[in-house]
Structures are given as structure tokens and as C-alpha cells.
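So you can see what is in the structure, the chains are spelled out below.
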Amino acid sequence: MKNFTKAALSLSVAALLGGCNGTGPNVEKQASDDAVPVYKPYREQYRPQFHYTPKKNWMNDPNGLVYHDGEYHMFYQYNPYGDRWGHMSWGHAISTDLVHWEEQGVAILEDEDYMIFSGSAVVDHGNTTGFGTDENPAMVAIYTGHSQVPGGDQNQQLAYSTDNGRTWTKYEGNPVLDENMEHFRDPKVVWHEESEQWLMIITLSEDFAVNFYGSPNLKDWTLLSQFTAEGAPVDKNWECPDMWYLPIDGDPNNKRWVLEVDLGDGSIAGGSGGMYFIGDFDGETFTTDTSILPDSAEGPHQFVDFGADYYAAVSWSNVPEDDGRALWVGWMNNWDYANYIPTHPWRSSQSIPRSVGLTEFNGGLAMAQQPVEELKALRTREITAENQSLSNNRVSLTDSAGIYGQTLELKVTFEPEDADEFGIDVLVGDGEKTTISYNVHSEEISFDRSQSGDVDFHEKFSGVHVAPMPLDDGKVELHIFVDWSSVEVFAHRGAVVFSNKVFPHHESKGVEVFSRGGTTRISDIQAWPLKSIWQ
Ligand code: FRU
């Protein structure tokens, strides 16, 4: 089985040593030469400062994202017993602002029969399950039970909470949907207003298909349709589907359906990643509309992210109507090397939460992602730099304007005159940099992490990721979030996003802009050093 030999991983020396070789200001004391440094919690080497990570142990997909009574819940695939994949259970964190998270105890623990694989959660406002009351509706988790017997079934199960997600009871009538299949997982459940029923969207992972089911009560499910997509990648498996009705450029009267499916392998930057289809949903069947695809699309699908580290993203259920945003978060890792990233005592982070819509892109429509507004709460002071006209040279914004850091938000606009290429380096240090550049001739934006720091822990980590992207009104506008071990880049009004892990030395903090082969105008340079969410 694809991921589920994950447990039988051999230990690599790199992974064992990873996270233990830093001597930065975050080290509280160093015992002796052969002892590992002792770090303050949440200040360990590579610990993200504004991305959610569990205090210790392994995490993968976000699960059961649901808003209820002023709280955003984020459950996630979690190993309570170790820092590699295994013993899958649901961990839990709560936020009131999508920025600061409080880790809770394990919400739903594996048992002797089943591991608790990915799934979703809803608030059962109509008490269709009978688990709650009309006054106190239950929060219901719908997840895949993965048989502890090798080669056993994956089936769909429920657990519920009547105390705002603090404690959970597994439903005694489980499983609620069992098709006697070994690769049938990751149910996303939404309330479908028009047909007044629950909808389940779920992957038949190794058949490269998505099934739609309907239910009046989350317990009895009827197959509605099956979606397949000729021409879409089918390298390993399909996982973690989601579906939305999204506005085009924010217009609530102009919406299209979007079906998102994750690819276990064969994504644009290599390894795992997400793809999506834009089309129509009639209450039973999703149909892709290939007439609205951008010129650069190859096949019926588009890629969610052009970096390597945005997987299994799912959306929040029950976001209040007066907010109305489509919100989601993804796992910042890649199954190619997930178990080997050099962090300790936790492994993996989630992305920053993003709001999602559709926008016009390259002759068609594309998903557009934006960092949530709430992240502005992390800004300390604003630093601006003077406009630059760079002719075949580079300028350090660290030296000229005092812009630097490993927790940094940046905005910058590039307008090529006769340059071949231009861009920005972040996390610049001794022999290290992470480069985002644009090639005017090929009309491509790239993210190069080959010199970003520690890239040797796995052969598939290093490299350059590329996305087709025309200039937008003659310009490239970048919005960048740098954390201790990640860089997220939003370009072209969010239609092109790179989410990537990087493992720089703690002193690699510089920022430089450059133009090659001619002149580029660089303007609207703004930077905000960001606060840590752990302080
Ligand atoms: C995706 C995935 C899901 C599965 C879970 C197991 O990363 O493979 O399909 O439910 O991880 O941890």
C-alpha cells in the first residue's frame, strides 16, 4: 500500500541527526560536545514561528476543519507515539483567529481494529444524526477507518462531540459506509443546500476516481455518481478530495464549482501535490468544463500549488455566512521525503491559512489563493525601501533598507524594461539563498531551493520548481511569507503559489533583489518582520 508502508521506514542517519546541529540564539544551553543542544520549546532549530506545528511528534494532513461558536478547529493526522508516520489518530488544535493555535489532547485515538485516517467534520445543526440536540448540535467527524489488519478494508466511520470538540465518542454503528475496498478514503462531507442532504466526496484512491454519496443523516449513504478525468495524472493514487462553489474575482453572482483532488505522486514539483477541476455540479454529478482552462493547462486539471510542500489541503466547514470566505490550509510536506525532514521533536507543519476564489488567468480561469487577512496581526513595524531601477546588477535590501529576517512578510513589484530575468533572494547567508525569479522570455516564474540550506537529508528535496505565468499588466507582484523553515510565495493575484520547506542556517536572513541582462524597475517594496505565535 502506498503510504501505509510508511510505518515500516528505516531510520536514516540524517534524520536522526537532523535538528541537532544548531548553536543559534535559540539554544538555551549546550551540555557537552557529544550531547545534543537543549532548546526552549517552540524555539528549536527550524521550528516554524507562525505556522502550526504540534509540540512533538509526527503530523500530516489537516482533518476535520470546522468553525463552531467562535472557534476554528483544526484536527490533523497525528502519531501520538513518535515522530514518523504511524498509529494514525486525530490530533487537535483550536484558534479563535486562524493565527494563534492551542494544541489540545488527542481527539480520536486509533484502536485495535482501526487507525483513524483523514476525513472531515461538520456541525449537525439540524440534529440529523440524533447525536446532539437542537439547542446543542453535535460536532460530527466523518473519517476513514483503516484496518489494522494488513490488506484489510478502508471504510467510513463517525465520531461525535457534544462539548465543542473537547471529547469524542466513536459511533457504535460504525462503519457507516463500507464498500469492501482496500483503497477508499478521505471523506469530505458538506451540507448541500439545494438538495437538502449531506454530500460525501471521497476517493477510490487506486482507481483514480471520486465517488459522490448523499445522506439525510450522515449514517445512511447512497451512491450518486462517480467522477474520473481522462488526461489527469494517475501516477500513484488520488486522496483527500474537496469541493467548493467559488466566486470569480470576488463576484458572488458569478460562481463556478471546483473539485480538488490530491495526487500521491506525479505533481508539478515532483512527488505529492494537489490538482483541481473547474466545472459544474448539479447535486449529483460533477462535470469538468475544459473550455475555461488557461492556455498553459495540459490536461483537464490545473495544479493547486507549484511548490513541493502543499498537500492534502481541505477547507473549513461552517464558516459563518457573514464571513463567507472559502478558507483552507494544507500540509507543508511531501511524501517523497516527509519522514526525513530534519526537525525534532516534531515533524511537519501546516501552511498559513488561505482564502480561496477563482480569477482570470492566462486566457482562462484559475484558483486564486490569498493569505488570510488575520495574519496582519503578526506584523510588527512596516519597512519600506526606495524604488529601484536595476540594470544588470543586484541590491541588498538588508544593507540599503534594513529588510531582513527569518520571520518576514514581503511585498514587491517588478516591471521589466529590457531585462531577461529578475527576482528576489530571501534567507540569504553564507553560501545560502532561496531564489524566486522570473524569466521574461519563457514567461515562467521559478523557485530555487537548491542552495537554501540543508538540502542533503533526501535526494528528492533539492531543486527548482517552475510555473508558467504571463506578466500581469507588464508586472510581477510578489507577496512572500518567510518562516524559520518555509517560504510561501503568492504571485499573479494568487493564481500562482509556491509553498516550500527550506532548512537554512539561523543566520541566513538577508534579502536581495536582482535584474539580469538589462533593466528592471522594482517598486512598492514593503516588509514586515513578523511576531512569533508561540510567545
Ligand atoms: C494523505 C493520506 C490520506 C490518508 C492519510 C493517512 O496524505 O495518505 O490518504 O487518509 O494520509 O495518514
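Parameters at a glance
Starting from 1, residues in each chain are numbered consecutively following that chain's sequence as written. Per-residue local features are limited, in this predicted model, to residues with pLDDT of at least 70; the limit for side-chain atom pairs, both in listing and counting, is 80 or more; totals at the level of whole chains, interfaces and linings are taken over all residues. Remark: hydrogens and water are excluded; side-chain values derive from all non-hydrogen atoms of the structure. Numbering of helices and strands starts at the N terminus; helices are DSSP runs of H or I of at least 4 residues and strands are runs of E of at least 2. The atom set for the radius of gyration is the C-alpha atoms, and the globule formula is 2.2 Å times the number of residues raised to the power 0.38. Residue exposure (1.4 Å probe, protein chains only): buried if accessible area is under 20% of the type maximum, exposed if over 50%, otherwise partly exposed. Residue contacts are counted whenever heavy atoms from the two residues lie within 4.5 Å of one another. Exposure was quantified through the Shrake-Rupley algorithm and a 1.4 Å probe, taking into account, for residues, occlusion by the shown protein chains and nothing else. Any pair of Phe, Tyr and Trp rings, taking the six-membered ring for Trp, is counted once the centres come within 6.5 Å. Such a pair is stacked with planes under 30 degrees apart, edge-to-face with planes over 60 apart, and tilted for the rest. In this scheme, strands are said to pair when DSSP sees at least two bridges between them. Convention adopted: a line fitted to C-alpha atoms gives each axis, helices being fitted over their contacting stretch, and angles between N-to-C directions are expressed from 0 to 180 degrees. As annotated, the domain borders come from an automatic or database domain assignment. For any pair of parts, buried area is found by adding up, for both, the accessible area (1.4 Å probe) each one loses once the two are put together. The salt bridge definition used is simple: a Lys or Arg side-chain nitrogen within 4 Å of an Asp or Glu carboxyl oxygen. Each residue receives one of three labels: charged for Asp, Glu, Lys and Arg, nonpolar for Ala, Val, Leu, Ile, Met, Phe, Trp, Tyr, Cys and Pro, and polar for the others, Gly being one of them. Contacts described as polar in this section are N or O atom pairs within 3.5 Å, which, within protein, must combine one atom able to donate a hydrogen with one able to accept it, while residues neighboring in sequence count only if both atoms come from side chains. Residues enter patches when they are more than 30% accessible in relative terms and free of salt bridges; like-charged ones are connected within 9 Å and nonpolar ones (Val, Leu, Ile, Met, Phe, Trp, Tyr) within 5 Å.

Moving on: the overall build of the protein chain. Scanning the protein chain from terminus to terminus reveals two helices and 38 strands. Taken over the C-alpha trace, the protein chain has a radius of gyration of 23 Å; the compact-globule value for 535 residues is 24 Å, and the two agree within 12%. Along the longest, intermediate and shortest principal axes, the C-alpha atoms of the protein chain span 65 × 60 × 40 Å. Put simply, the protein chain has 535 residues, and 61% of those count as buried. In the protein chain, of all internal contacts separated by at least 6 residues, the share reaching a separation of at least 24 is 62%. When the accessible surface of the protein chain is summed, it comes to about 20,000 Å², and 43% of that surface belongs to carbon and sulfur atoms.

With that settled, consider the packing of aromatic side chains. Under the criterion given, the structure shown has 40 aromatic pairs. Ring geometry for tyrosine 310 versus tryptophan 328: centroids 5.7 Å apart, planes at 70°, classification edge-to-face. Here tryptophan 328 lies in strand E21 (residues 326-332) and tyrosine 310 lies in the loop between strand E19 (302-303) and strand E20 (311-315), a separation of 18 residues in the sequence. Each member of the pair, tyrosine 310 as well as tryptophan 328, carries the same accessibility label: buried. Ring geometry for tyrosine 337 against phenylalanine 461: centres 5.2 Å apart, planes inclined by 80°, an arrangement best described as edge-to-face.

Bringing the pairing of strand E8 (residues 139-147) into the picture now. Counting buried positions along E8 gives nine out of nine residues, so the element sits mostly inside the fold. Examined bridge by bridge, E8 and strand E9 (residues 154-161) share eight bridges and lie antiparallel to one another. Bridge pairing in E9 links tyrosine 143 to glutamine 157. Between the end of E8 and the start of E9, which pair antiparallel, lie six residues, with glycine 151 showing a positive phi angle near 80°.

Moving on, we get to the sheet that holds strand E11 (residues 184-192). Taken together, the four strands give an open sheet; going across it, the order is E11-E12-E13-E14, and neighbouring strands pair in antiparallel fashion. Looking along the sheet, the strands with just one partner apiece sit at the ends: E11 and strand E14 (222-227). Pairwise comparison of adjacent strand axes, ignoring direction, gives a mean angle of 25° for this sheet. Summarising the sheet, strand E12 (residues 197-204) and strand E13 (residues 209-215) pair through seven bridges and their orientation is antiparallel. Counterpart to methionine 200 in the pairing with E13 is tyrosine 213.

With that settled, the discussion passes to unusual backbone geometry. Residue asparagine 174 is joined to proline 175 through a cis peptide bond whose omega torsion reads -5°. In this model, histidine 344 is joined to proline 345 through a cis peptide bond whose omega is 10°. Mapped onto the elements, proline 345 comes out in the loop between E21 and strand E22 (346-347). Even without glycine at this site, serine 348 takes up a positive phi of about 100°. For serine 348, the location among the structural elements is in the loop between E22 and strand E23 (349-350). Among the residues examined, serine 348 registers a relative accessible area of 1% and is labelled buried. The phi dihedral of arginine 493 falls on the positive side, at around 55°, and the residue is not glycine.

This next bit is on the sheet that holds strand E4 (residues 71-79). The five strands are arranged E6-E5-E4-E3-E22 in an open sheet whose pairing can be described as mixed. The sheet terminates laterally at strand E6 (102-103) and E22, the two strands that pair on one side only. Summarising the sheet, strand E5 (residues 89-95) and E6 pair through two bridges and their orientation is antiparallel. Directly across from isoleucine 94, in E6, lies its bridge partner glutamate 102.

Side-chain positions along a regular strand alternate between the two faces of the sheet. Within E21, seven of the seven residues are buried, leaving the element largely enclosed by the surrounding structure. Alignment of E20 against E21, held across three bridges, turns out to be antiparallel. Residue pairing in the sheet places valine 314 in a bridge with valine 329 of E21. Two strands pair when backbone bridges link them, and E21 and strand E24 (residues 354-361) are joined in this way by three bridges, in the antiparallel orientation. Residue pairing for E24: leucine 327 is matched across the bridge by serine 355. Two elements, E21 and E23, share two bridges in a ladder whose sense is antiparallel. Looking across to E23, one finds that methionine 332 is bridged to serine 349.

Moving on: the domain arrangement of the protein chain. Structurally, the protein chain comprises domain 1 (6-371) and domain 2 (379-529). At the junction of the two partners, domain 1 supplies 44 residues and domain 2 supplies 35 residues. Of all residues in domain 1, Tyr46, Phe306 and Phe361 give up the largest surface area on contact with domain 2, accounting jointly for 20% of the area buried on that side. Scanning the region where domain 1 abuts domain 2 turns up two salt bridges. Linking arginine 449 and aspartate 309 is a salt bridge whose minimum nitrogen-to-oxygen distance equals 2.9 Å. When residues of the side of domain 1 that touches domain 2 are traced back to their parent elements, those giving at least two are E24 and strand E25 (364-371). Take the side of domain 1 that touches domain 2: its biggest share by element is six residues, from E25. Class assignment of the residues belonging to the side of domain 1 that touches domain 2 gives a composition of 21 nonpolar, 14 polar and nine charged.

Time to look at the side chain of histidine 146. For histidine 146, the location among the structural elements is in strand E8. Only 3.0 Å separates the side chain of histidine 146 from the side chain of glutamine 154, close enough to count as a polar contact.

All right, on to a nonpolar patch on the surface then. Where nonpolar side chains cluster on the molecular surface, the patch consists of Tyr81, Val106 and Leu109 and spans about 280 Å² of accessible area. Relative to the helices and strands, leucine 109 resides in the loop between E6 and strand E7 (114-123). A relative accessible area of 38% means that leucine 109 is categorised as partly exposed.

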